[in-house]
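Fold and contact review
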Amino acid sequence: MKCIECGCDIDNTYEIFCGQFIRLLRCPKCGKVADKYIEYDNVLVFLDMLLQKRPVYRHLLFNHDESINGFFIKLFFGSLLLESYIRQMTTLTPSIYSFIWNGIQIVIEDIFFLAMFIIPFSFYKRISFKDSCNLVAQSYLIGSLGKVFLCLVLMWTNSLPIYLFSITMANLTFIACMSVVFEISTWKMLIIGFVIGIIYTIITSQFFPLTPLTYYIKNKRLLDLLIGDLYTF
């Protein structure tokens, strides 16, 4: 466990007294409440995630209840199905096979994207490959919460900006988590993520032209990113 304010390792974030009441403990290093989010409602936690506050990511990464992992896994698969359906709209001849291929394509892209973080992370933190995979994968699952905005794509006609906004929020959440894991500033992690993102986009645009973003890059129609329609390629 860690203090969400300073990142110091602690033994516990609260103690139980009288058998049913909890009392939040203070960090021995900074003197602040070690984890205030224990008493927060999930809605408030979600709002702080949207505001990209570092303490909330320390809470989710290091102090969370194990049951929340199931929620993020379900959220990931839900966003996977939704994004597969959205990409289905970019297919000239939609079918169940193209829908399945879109899902496989997204999984391959995600694995490749995570590998670009896992490998340098293993060397930087000098931890085992398994531990680095767990932390990076957990950060990515938390980032899936940003993809809830994909639901809006089904409601708007000119939906590509909404799609890009959702993917951007997911990536920003992932970057914020990684900055906590790497224990570096968010700005430095943002620069690292931007460089990795460019490399990732260039590579995937050569192999996965059906991706809405890489489609426009591959066809040199960057000006259409904000005015184009996702449904009419």
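Residues numbered from 1 in each chain as written. Predicted model: local features only at pLDDT ≥ 70, side-chain atom pairs only at ≥ 80, totals over all residues. Heavy atoms only, no water.

Regarding the pattern of salt bridges
Going through the model one piece at a time under the given rule, you end up with four salt bridges. A salt bridge links Arg23 to Glu15; the nearest nitrogen and oxygen atoms lie 2.3 Å apart. The salt bridge partner of Glu83 is Lys147, with a shortest N-O separation of 3.4 Å. In this pair, Glu83 is assigned in helix 3 (residues 67-88) and Lys147 in the loop between helix 5 (129-143) and helix 6 (160-182), connecting sequence segments 64 residues apart. The same class applies to Glu83 as to Lys147, namely buried. (Salt bridge = Lys/Arg side-chain N within 4 Å of Asp/Glu carboxyl O. Helix = DSSP H or I, 4+ residues; strand = E, 2+ residues; numbered from the N terminus. Buried < 20%, exposed > 50% of the residue type's maximum accessible area, 1.4 Å probe, protein only.)

As for the UniProt feature "transmembrane region" (unreviewed entry) in the chain
According to UniProt, the "transmembrane region" (unreviewed entry) feature falls on residues 68-87, 99-123, 135-156, 162-182 and 189-208. Annotation note: span residues 99-123, helix share 100%, strand share 0%, distance between end C-alpha atoms 37 Å. Helix makes up 41% of residues 135-156 and strand 0%, and the two end C-alpha atoms of the span are 35 Å apart. (UniProt positions renumbered as here; feature names shortened; annotations may be inferred.)

Thoughts on the pairing of strand 2 (residues 21-24)
Sheet topology places strand 1 (residues 14-17) next to strand 2; four bridges connect them, and they run antiparallel. Paired with Ile16 across the strands is Ile22, a residue of strand 2. The hairpin formed by strand 1 and strand 2 contains three residues between the paired strands, and Cys18 there has a positive phi angle of roughly 60 degrees. (Pairing = 2+ DSSP bridges.)

A few points about unusual backbone geometry
The phi angle at Gln52 is positive, at roughly 60 degrees, despite the residue not being glycine. The topology assignment puts Gln52 in the loop between helix 1 (42-50) and helix 2 (54-62). Taking relative accessible area as the criterion, Gln52 reaches 26% and is therefore assigned partly exposed. Not every positive phi belongs to a glycine, and Glu183 is a case in point at roughly 60 degrees.

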